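Single-letter residue listing:
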Amino acid sequence: MKKTTIIISVLIILGAFVLTSAAFTVDQTQQAIVIQLGRPVTGQLGPGLHFKLPLIQNVVFFDARILDFDAKPEEITTTDKKYMNVDSYTKWRITDPLTFYTKVRTIQGARARLDDIVRSQLRVALGRYTLIEVVSHKRQEIMDAVTSRSKELLLPYGIEVIDVRIKRTDLPAENARSIYGRMKAERERQAKQYRSEGQEASAKIKANADKERAIILADARKQAEIIRGEGDAQATKVYAESLGQSPEFYDFTRSLDAYKSGFEKNTRFILTPKSPFLKHLQ
């Protein structure tokens with residue numbers, strides 16, 4: 001009886017071990033294949049519960065999500081013989097785990113293949129355009145071409161290239177210095193041109209202002225002379241009319257003015273007592 005119990009217990013333990021060794025679960029973010037002695041024996045296994053032969057078969061899991069590959073910056077020559085450092089990245093995913101395992105085995109192997117193909121396609125595509133086209137209006141067209149060609153070349157490896165993008169483009173140090181020098185010279189030339197144009201405009205404005213000032217002053221002097229002449233004429237007329245009405249009073253007031261202007265200045269007079277100048281003082 002005891003022997004039978006022991007045998008049953010052993011069989012139960014052995015069955016549990018076999019069951020746990022044979023069953024495996026694939027997560028929603030994963031995909032898997034079963035290999036036997038290093039060779040794949042199944043195709044792609046999706047999320048869920050699966051079984052394999054214990055001990056002689058193993059499961060290899062692959063990420064089913066979109067992955068990033070950030071390449072190292074590389075110096076590339078454009079069609080106008082300009083050098084630029086291009087920093088790019090690639091969005092990709094594993095679409096056929098069986099082919100992927102057969103061709104590249106691991107993620108590291110896939111990244112090496114991505115590096116070779118994407119870099120070569122970037123060099124070819126960027127070499128067809130000028131530096132200005134690469135950094136301005138042709139970039140989208142270039143990236144679409146690189147993505148399409150890379151996707152076509154990596155499909156036999158079980159890899160789908162979703163997108164290739166340039167993160168940053170920098171000029172080598174020697175090129176940057178020469179370009180900055182040309183930019184500085186161009187800005188200085190424009191600044192000199194603007195200064196000369198400003199000085200010319202300033203001279204024209206000053207000349208026009210001086211001309212208008214001279215005209216205004218001349219008109220003002222003319223008007224002043226006219227008014228002064230009219231005033232003198234009016235004063236002469238008034239004096240003449242006053243003299244005609246009362247010559248004695250006019251003579252008296254003029255004599256008082258003469259006394260005032262003469263005596264205030266301490267002027268010395270040598271006069272006889274019967275001098276007409278003193279007639280109003282007698």
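Just so you know, these numbers come straight off a predicted model, no measurement behind them. (Residues numbered from 1 in each chain as written. Predicted model: local features only at pLDDT ≥ 70, side-chain atom pairs only at ≥ 80, totals over all residues. Heavy atoms only, no water.)

1. Some thoughts on the overall build of the chain
So, point 1. If you tally the helices and strands in the chain, you get 7 helices and 9 strands.
So, point 2. Long-range pairs, those at least 24 residues apart, make up 63% of the contacts in the chain with a sequence separation of at least 6.
So, point 3. Approximately 19,900 Å² of the chain is accessible, and the part contributed by carbon and sulfur atoms is 57%. (Helix = DSSP H or I, 4+ residues; strand = E, 2+ residues; numbered from the N terminus. Contact = heavy atoms within 4.5 Å. Areas by Shrake-Rupley, 256 points an atom, 1.4 Å probe, with all protein chains shown as cover.)

2. Some remarks on the environment of D144
So, point 1. Tracing the backbone shows D144 in helix 5 (residues 139–154).
So, point 2. Taking the C-alpha atoms as reference points, D144 and R165, 21 residues apart in sequence, are found 9.0 Å from one another.

3. Regarding the packing of aromatic side chains
So, point 1. Evaluated as defined, the whole model comprises 2 aromatic pairs.
So, point 2. Measuring from ring centre to ring centre gives 6.5 Å for F24 and F61, while their planes differ by 80°; the resulting arrangement is edge-to-face. Note that F24 is positioned in strand 1 (residues 23–26) and F61 in strand 5 (residues 57–63), a separation of 37 residues in sequence.
So, point 3. With centroids separated by 5.4 Å and ring planes inclined at 80°, the aromatic side chains of F62 and F100 adopt a geometry described as edge-to-face. In this pair, F62 sits in strand 5 while F100 sits in helix 2 (residues 97–103), placing the two residues 38 residues apart along the sequence. Exposure class is identical for F62 and F100. Each is buried.
So, point 4. The ring of Y157 is capped by K103, whose NZ or CZ atom sits 5.7 Å from the centre of that ring.
So, point 5. A cation over an aromatic ring shows up here: R105 above the ring of Y101, its NZ or CZ 4.4 Å from the ring centre. (Phe/Tyr/Trp six-rings, centres within 6.5 Å; stacked < 30°, edge-to-face > 60°. Buried < 20%, exposed > 50% of the residue type's maximum accessible area, 1.4 Å probe, protein only. Lys NZ or Arg CZ within 6 Å of the ring centre and 35° of its normal.)

4. Focus on helix 3 (residues 107–126)
So, point 1. Taking 1.5 Å of rise per residue, the 20 residues of helix 3 would be expected to cover 28 Å, and the 27 Å separating its terminal C-alpha atoms lies within 8% of that figure.
So, point 2. Every buried residue belonging to helix 3 is among A110, L114, I117, V118, R119, Q121, L122, A125 and L126, and all of these are buried. (Expected span 1.5 Å × (residues − 1).)

5. Side note on the environment of D96
So, point 1. Following the sequence through the fold, D96 ends up in the loop between strand 8 (83–94) and helix 2.
So, point 2. The exposure class of D96 is partly exposed, given its relative accessible area of 30%.
So, point 3. With 63 residues separating them along the chain, D96 and I159 place their C-alpha atoms 7.0 Å apart.
So, point 4. At 2.7 Å, the side chain of D96 forms a polar contact with the side chain of T99. (Polar contact = N/O pair within 3.5 Å; in protein donor to acceptor, adjacent residues only side chain to side chain.)

6. Examining unusual backbone geometry
So, point 1. Not every positive phi belongs to a glycine, and R105 is a case in point at roughly 70°.
So, point 2. Structurally, R105 can be placed in the loop between helix 2 and helix 3.
So, point 3. In this structure R105 comes out as partly exposed when scored by relative accessible area, which is 42%.

7. Details of the sheet that holds strand 2 (residues 30–36)
So, point 1. Spatially, 3 strands are ordered 3-2-5 in an open sheet, and the strand pairing comes out antiparallel. At either end of the open sheet lies a strand with only one pairing partner, and these are strand 3 (39–40) and strand 5.
So, point 2. Looking at chain direction, strand 2 and strand 5 are connected through 7 bridges and run antiparallel. Bridge pairing in strand 5 places Q31 opposite F62. (Pairing = 2+ DSSP bridges.)

8. Observations regarding the nonpolar core
Within soluble globular proteins, side chains that are nonpolar generally end up buried alongside one another.
So, point 1. F62, W92, F100, L114, L126 and I142 are the most contacted members of the largest nonpolar core, which totals 33 residues.
So, point 2. With 7 residues, the single largest contributor to this core is helix 3.
So, point 3. Excluding residues that lie within four positions of it along the chain, F100 makes contacts with F62, W92, I94, R105, T106, I107, A110, Y157, G158 and I159.
So, point 4. Residues F24, V26, A32 and L45 belong to the second largest nonpolar core, which totals 6 residues. (Core = buried A, V, L, I, M, F, W, Y, C linked by side-chain atoms within 4.5 Å.)

9. A short note on the confidence of the model for the chain
So, point 1. Confidence along the chain averages 82 in pLDDT terms, with 81% of residues attaining 70 or more.
So, point 2. Of all secondary-structure elements in the chain, the lowest mean pLDDT belongs to helix 1 (residues 2–22), at 62, while strand 6 (residues 67–70) reaches the highest, 92. (pLDDT = per-residue confidence, 0-100.)

10. A word on a nonpolar patch on the surface
So, point 1. On the surface, L53, L55 and I56 cluster together into a nonpolar patch covering about 320 Å² of accessible area.
So, point 2. Residue position: I56 is located in the loop between strand 4 (48–51) and strand 5.
So, point 3. You can call I56 partly exposed: its relative accessible area is 41%. (Patch = residues over 30% accessible without salt bridge, like charges linked within 9 Å, V, L, I, M, F, W, Y side chains within 5 Å. Salt bridge = Lys/Arg side-chain N within 4 Å of Asp/Glu carboxyl O.)

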